[in-house]
Amino acid sequence: GPAGWGGAIFVVPYTYYKMYGDPCLVKEYADKMNFYFEYLENRCDDDLLSRSEPGCWCLGDWCTPVSVVLPAPFVNNYFYIKSLYRCIEIAELIGKEADIPLFRARIEARKEAIVNAYYNKWDGNFLGCRQGANAFALDIGLGDERTYPNLVKYYTNNCGFDTGIFGTELVTRTLFERGDGQLACNLLLSESVHSFAGMRQAGATTLWEYLPDSLRNRSHNHPMFGAVVGCFYDYLLGIQADRKDLTIAPVIVEGIDRLNGSRTLTAGCVSVSYEKHDGKISFDIGIPKDTEAVFLYEGTSYHLTGGLNKFEF
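The structure reproduced in this document is the subject of the present report. Here the structure is a predicted model, which means the values were calculated and not measured.

## Comments concerning the sheet that holds strand E12 (residues 307-312)
Line of reasoning, step 1. Spatially, the 4 strands line up as an open sheet ordered E7-E8-E9-E12, and their pairing is antiparallel. Unpaired on one side and paired on the other, strand E7 (258-265) and E12 mark the two borders of the sheet. The average undirected angle you get between the axes of adjacent strands in this sheet is 10 degrees.

Below is the structure:
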């Protein structure tokens, strides 16, 4: 696929910078990123990224439970736009602001192409909200006041994922980001046949390439559906960090009574565990030495210091 896979040329250096604060890779690959943009430009039709190399696949989302209904250009334009936004941030970081007007113009052209081709102005949905289409759109700033509520209604009624390897993470993260963590967890904990529980019940000990009972049955050791794990750390554990501040803000939901995990940041290991018992909830939060952080719980902020911090509510 020209964007979802080839976009690694943007994603890997950018993620390295965001995790470590080191711009060496984005500097080294900036010119190569621009070259790849030109490659993608030559594979667009009416501002939709619609072609790959002759005779090659042009994939959009992939490994959906039933046939993929999202057109590849819709998904590839999404990734193209995401890459352009990353490159605006990179250009500001490394002193290549002269590239930014072109990036912004391409973003607007591709957004307009998505809206013209795939948006239904009568109900606020993209492609009927199927297979996470509204989440793709919302993540790049498209849609109106109906688009997110439509997404919530669709997956409340659906009670499980109908998404592929990209849409599954996108739907889950979008729900967490917008305060619907309970619905996100309902999907993650669903025991429908097209679910992570369905894999386990079918005998899986690793993630499969396809959800159970899909149209295909191939690799039984494939990482693609593992992208949702990022939400476990960002939201369920609540370990949210940038290079200046550390905030612990766990999302507490029904269906999970205890949870523990850790995340290694540049300052050191941050650990969070909680357990519900007798109508209360207790937290153990480990912070690296000489580090300060904030714990957010039910609208109140608590100061954290290096070492083990304990709370009970």
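## Concerning the pairing of strand E10 (residues 293-297)
Line of reasoning, step 1. With burial as the criterion, only one face of E10 is covered, namely that bearing Ala293, Phe295 and Tyr297; the residues Val294 and Leu296 on the opposite face remain uncovered.
Line of reasoning, step 2. Relative to E10, strand E6 (residues 246-248) runs parallel, the two being bridged by 2 bridges. Across the sheet, threonine 247 pairs through a bridge with valine 294, a residue of E10.
Line of reasoning, step 3. Inspection of the sheet shows E10 paired to strand E11 (residues 300-304) by 5 bridges, in the antiparallel sense. Along E11, the bridge assignment pairs tyrosine 297 with threonine 300.
Line of reasoning, step 4. Taking the residues between adjacent antiparallel strands as the criterion, E10 and E11 are bridged by 2 residues, where glutamate 298 takes a positive phi near 50 degrees.

## Structural notes on the side chain of aspartate 162
Line of reasoning, step 1. When you line up the elements, aspartate 162 lands in the loop between helix H6 (147-158) and helix H7 (167-177).
Line of reasoning, step 2. Among buried charged residues, aspartate 162 stands out as having no salt bridge; its nearest opposite-charge side chain is arginine 130, 7.1 Å away.
Line of reasoning, step 3. In this structure, aspartate 162 is in contact with Thr64, Pro65, Arg130, Gln131, Gly132, Tyr154 and Tyr155, ignoring residues within four places of it in sequence.

## Focus: the side chain of serine 83
Line of reasoning, step 1. For serine 83, the location among the structural elements is in helix H3 (residues 72-94).
Line of reasoning, step 2. Sequence-distant contacts of serine 83, that is, excluding residues within four places in its chain, are made with Phe10 and Phe37.

## Regarding the packing of aromatic side chains
Line of reasoning, step 1. Tallied over the entire structure, the rule returns 28 aromatic pairs.
Line of reasoning, step 2. An angle of 40 degrees between the planes, with centres 4.7 Å apart, marks the rings of tyrosine 119 and phenylalanine 126 as tilted.
Line of reasoning, step 3. Judged by its relative accessible area of 22%, tyrosine 119 is partly exposed.
Line of reasoning, step 4. Under the relative-accessibility criterion, phenylalanine 126 is labelled buried at 0%.
Line of reasoning, step 5. The lysine or arginine in question, arginine 43, covers the ring of tyrosine 39, its NZ or CZ lying 3.7 Å from the ring centre.

## Quick word on unusual backbone geometry
Line of reasoning, step 1. One non-glycine residue, aspartate 46, lies in the positive phi region at around 55 degrees.
Line of reasoning, step 2. The residue aspartate 46 is located in the loop between strand E1 (44-45) and strand E2 (48-49) in this model.
Line of reasoning, step 3. Positioned with a positive phi, aspartate 278 is a non-glycine residue whose angle comes to about 50 degrees.
Line of reasoning, step 4. As for its placement among the helices and strands, aspartate 278 is situated in the loop between strand E8 (268-277) and strand E9 (280-287).
Line of reasoning, step 5. Take aspartate 278: its relative accessible area is 78%, and that puts it in the exposed class.

Cut-off values and rules
- Residues numbered from 1 in each chain as written.
- Predicted model: local features only at pLDDT ≥ 70, side-chain atom pairs only at ≥ 80, totals over all residues.
- Heavy atoms only, no water.
- Pairing = 2+ DSSP bridges.
- Helix = DSSP H or I, 4+ residues; strand = E, 2+ residues; numbered from the N terminus.
- Axes fitted to C-alpha atoms, helices over the stretch in contact; angles between N-to-C directions.
- Buried < 20%, exposed > 50% of the residue type's maximum accessible area, 1.4 Å probe, protein only.
- Lys, Arg positive; Asp, Glu negative; His and termini not counted.
- Salt bridge = Lys/Arg side-chain N within 4 Å of Asp/Glu carboxyl O.
- Contact = heavy atoms within 4.5 Å.
- Phe/Tyr/Trp six-rings, centres within 6.5 Å; stacked < 30°, edge-to-face > 60°.
- Lys NZ or Arg CZ within 6 Å of the ring centre and 35° of its normal.

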